[in-house]
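Commentary on secondary and tertiary structure
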Amino acid sequence: VTRPPTLSGWGRLAVPGRELRSEDLPALAATASLTRGLGRSYGDSSLPAPGHDRVAASPLADRILAFDPESGLLRAEAGLSLAEMNRLLLPRGWFTPVTPGTQLVTLGGIVAADVHGKNHHVAGTFGRHVRSLVVRLAPRGDHPGSIVRCSRDELLDLFRATLGGMGLTGHVLEVEVQLEHVPSPWIWAESDRYPALEPLLSALRAASREWPMTVAWVDALASGRKRGRGIVHRGRWAEPREAPARPPAPARRVAVPFEAPSWLLNRPAVALANALLWRRHPARGRRGVATPESFFYPLDAVHYWNRLYGRRGFTQYQCVLPDPGAEEATLRFFDVLERATTRGPAPFLCVIKDCGGEGEGLLSFPRPGLSVALDLPADPGIQDVVDALNETVIAAGGRIYLAKDAFTRPEHFRSLELRLPEFERIRRRYDPEGYLASAQSVRLGLTPPGGPHFSEDP
Ligand SMILES: Cc1cc2nc3c(=O)[nH]c(=O)nc-3n(C[C@H](O)[C@H](O)[C@H](O)COP(=O)(O)OP(=O)(O)OC[C@H]3O[C@@H](n4cnc5c(N)ncnc54)[C@H](O)[C@@H]3O)c2cc1C
């Protein structure tokens, strides 16, 4: 029996679909209602809408079109991966101004999700550093979509809606971005552990007042007095006198060779691993130079680690709880999380980050406050857990991150995303027939299930 081809995001929840790949992204994009990069978004944002089983995939369109070694201005095709940028440009003293927690992403995916990193509180999202984009718009009638340039000076509405617009405003073909000059290709990293959530959050906030890169890992399976214990990491680019003379060697990688049985990652095993991680961290803290790979991309050390979740797959739930009052809202969020996950899906990985000011992207995720990201296996009951968390976030006035989402209901999304009407107005201006769509846009009610046309009035 031949099974129809399927596509999935990083959380491995599959839908019927296949990728079309070519070096000629402009031509490819003219034939598809969605473009994807390396499929590192966790949920269904890079998957085709039902009935549209083909997605343009950008990774073969990865040429660097221009780079000025004096100013660090880079112009490249949307399929260029961050791993390739780092390999070529970090030894020359240039690094992406904002990096997500994996380098296996493309420039197009970075722009469409308007990603944030450990330095959000000082550098904002990636979009802040983008100078211009070249976008293939949706077709109109029999005319293929035109190719336009947008920036802060031209088609500003399209520019803002495309930053964080999850591919729904057009196919990004080229990205022009200002890179950051770094004093050495090494990181000075420090970390300390904290016994519970309240001191951890205070330490994270204090670290962000002084350090450009901060993040906290939390043991979300510890309960009682240990609830929310974790490790706060802080870092900055090392000065040449602190760093080894040579650039770091590329990290060795191992791979998870096949899909693990779904029972392998279970609550007692992960609780034990979390406890060991916390206890093994020296109580007096750690300080020293680290490679950018180990500091920014620890999970990339294991290729296909998502296979550990087995066939059931998983989701990452990420929300931001806004200031003022983000600390109290985070404590309430953990109350709800503990109640909602006592039985059923358990939060295996939890990361908290504090966010700085809101960016220009109309649907960009971060806003001032605390962001909580949780990996949850897609076990029975996952929908109830996501519903309960979303209701808590709505009550706190926060929002969720579309690059991670796979389960949010349309009515919750409308309450979480108050900027949606403006985004939808601009989307209609550039795609009046509602041609561009994804599995996520259908699930969230932005595209009706019957086909890629707009749903009700925004
Ligand atoms: C381990 C891990 C850690 C992560 N850490 C972070 C983090 O710290 N911060 C953060 O912000 N994100 C993080 N992410 C999420 C990731 O950065 C985003 O999901 C990113 O969009 C993935 O890029 P991609 O090239 O794989 O895009 P895909 O997953 O393939 O696509 C993502 C979205 O972008 C759209 N898209 C992709 N290419 C184009 C294009 N050329 N034109 C138009 N639309 C396009 C797709 O349609 C889809 O909506 C992490 C993901 C993983 C797996």
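Refer to the preceding data block for the structure.
Below, the structure is looked at part by part. (Residues numbered from 1 in each chain as written. Predicted model: local features only at pLDDT ≥ 70, side-chain atom pairs only at ≥ 80, totals over all residues. Heavy atoms only, no water.)

Things to note about the overall build of the chain
For clarity, the threshold we go by: Secondary structure elements follow DSSP: runs of H or I no shorter than four residues count as helices, runs of E no shorter than two count as strands, and numbering proceeds from the N terminus. Both definitions apply: the radius of gyration is a C-alpha atom measure, and the globule rule equals 2.2 Å times residues to the power 0.38. Classification of residues uses two cut-offs on accessible area relative to the type maximum, computed with a 1.4 Å probe and protein chains only: under 20% is buried, over 50% is exposed, and between them is partly exposed. Contacts: residue pairs with any heavy atoms within 4.5 Å of one another.
When its secondary structure is counted, the chain shows 13 helices and 22 strands. On C-alpha atoms alone, the chain measures out to a radius of gyration of 21 Å, which is about the 23 Å that the 2.2 N^0.38 rule sets for 458 residues. Among the 458 residues that make up the chain, the fraction classed as buried is 57%. Of all intrachain contacts in the chain linking residues separated by at least 6 positions in sequence, the fraction that spans at least 24 positions is 73%.

Examining helix α2 (residues 82-89)
Convention followed: The reported arc concerns the directions from the helix axis to the C-beta atoms and nothing else.
When we look at burial in α2, the residues that qualify are Leu-82, Met-85, Asn-86 and Leu-89. The arc that holds every buried residue of α2, seen down its axis, measures 95°, which confines them to one face. Looking at the buried residues of α2, the elements they touch are β6 (64-68), β7 (73-77), β8 (94-95) and α3 (107-113).

Side note on the site of the ligand
Our working rule: In these notes, residues near a molecule or strand are those with any non-hydrogen atom within 4 Å of it. For the purposes of these results, a polar contact is taken to be a pair of N or O atoms within 3.5 Å, where, inside protein, one atom must be able to donate a hydrogen and its partner to accept one; residues adjacent in sequence count only when each atom of the pair is a side-chain atom. Areas reported as accessible are Shrake-Rupley estimates using a 1.4 Å probe. Residue values count occlusion only from the protein chains shown. Charged residues are taken to be Asp, Glu, Lys and Arg, nonpolar residues to be Ala, Val, Leu, Ile, Met, Phe, Trp, Tyr, Cys and Pro, and polar residues to be all remaining types, Gly included.
Taken together, the neighbourhood of the ligand is formed by 34 residues, with Thr-35, Gly-37, Ser-41, Thr-106 and Tyr-401 sitting nearest. In this structure, an oxygen atom belonging to the ligand sits 2.8 Å away from a main-chain N or O atom of Gly-109. Computed on the free molecule, the ligand has an accessible area of 960 Å², of which 96% lies beneath the protein chains in the complex. Of all elements in the fold, only β4 (35-36), α3 and β11 (171-178) reach the threshold of two or more residues within the shell around the ligand. Sort the elements by how many residues they give to the shell around the ligand and α3 lands first, with 4 residues. Across the shell around the ligand, the residue classes tally to 16 nonpolar, 15 polar and 3 charged.

Some words on the sheet that holds β11
Let me state the cut-off plainly: A pair of strands is treated as paired once DSSP finds two or more bridges between them. Axis lines are fitted through C-alpha atoms, for helices just across the contact stretch, and the angle between N-to-C directions can take any value from 0 to 180 degrees.
Within the open sheet, the 5 strands sit side by side as β6-β7-β11-β9-β10. Their pairing is antiparallel. Looking at the sheet topology across the chains shown, the edges are occupied by β6 and β10 (147-151). On average, each strand axis in the sheet is inclined to that of its neighbour by 15°, with strand direction left out of account. Taken together, the 5 bridges between strand β9 (residues 130-136) and β10 define a ladder with antiparallel strand orientation. Following the sheet pairing, Val-134 is matched in β10 by Arg-149.

Here's the deal with the state of the cysteines
Formally: When two cysteine sulfur atoms lie within 2.5 Å, the pair is treated as a disulfide.
Under the criterion given, the structure shown has 0 disulfides. There is no disulfide at Cys-319, and the cysteine sulfur nearest it, in Cys-350, is 9.3 Å away. On the basis of relative accessible area, Cys-319 is assigned to the buried category, the value being 0%.

Thoughts on the environment of Thr-330
Inspection of the secondary structure assignment puts Thr-330 in helix α9 (residues 326-340). Judged by relative accessible area, Thr-330 falls into the buried class, the value being 0%. Placed 133 residues apart in sequence, Thr-330 and Leu-197 show a C-alpha to C-alpha distance of 8.9 Å. Beyond its immediate sequence surroundings of up to four residues, Thr-330 is in contact with Leu-197, Leu-201, Leu-321, Ile-352, Leu-370 and Val-372. Among the polar contacts listed, one links the side chain of Thr-330 to the backbone oxygen of Ala-326, at a separation of 2.6 Å.

Some words on the layout of surface pockets
This is how it is decided: A pocket, in this scheme, is an open set of points on a 1 Å grid over the protein atoms alone with protein on both sides within 12 Å along at least 5 of 7 lines, while a cavity is a set where a 1.4 Å probe fits but cannot get out; residues line either one if an atom lies within 4 Å of a point. Grid points are joined across faces, edges and corners, and a volume is the space filled by probe spheres set on the points.
Put simply, the second largest pocket is a space of about 500 Å³. As for the second largest pocket, its lining consists of 25 residues, of which Ser-8, Trp-10, Arg-40, Tyr-304 and Asn-306 are closest to the centre. Mapped by element, the contributors of at least two residues to the lining of the second largest pocket are β1 (6-8) and α2. If you tally residues by element for the lining of the second largest pocket, the top one is β1, at 3 residues.

Focus: the sheet that holds strand β13 (residues 187-194)
Strand order in the open sheet made by the 8 strands is β17-β13-β15-β14-β20-β21-β19-β22, with antiparallel pairing throughout. Single-partner strands in this sheet number two, and they are β17 (286-290) and β22 (399-400). Bridging between β13 and strand β15 (residues 230-237) involves 8 bridges; their strand directions are antiparallel. Within the sheet, the bridge partner assigned to Ser-191 lies in β15 and is His-233. Against the sheet, α9 makes contact with β14 (213-218), β19 (314-322), β20 (349-355) and β21 (369-377), and its axis sits at roughly 15° relative to β21, the strand it touches most.

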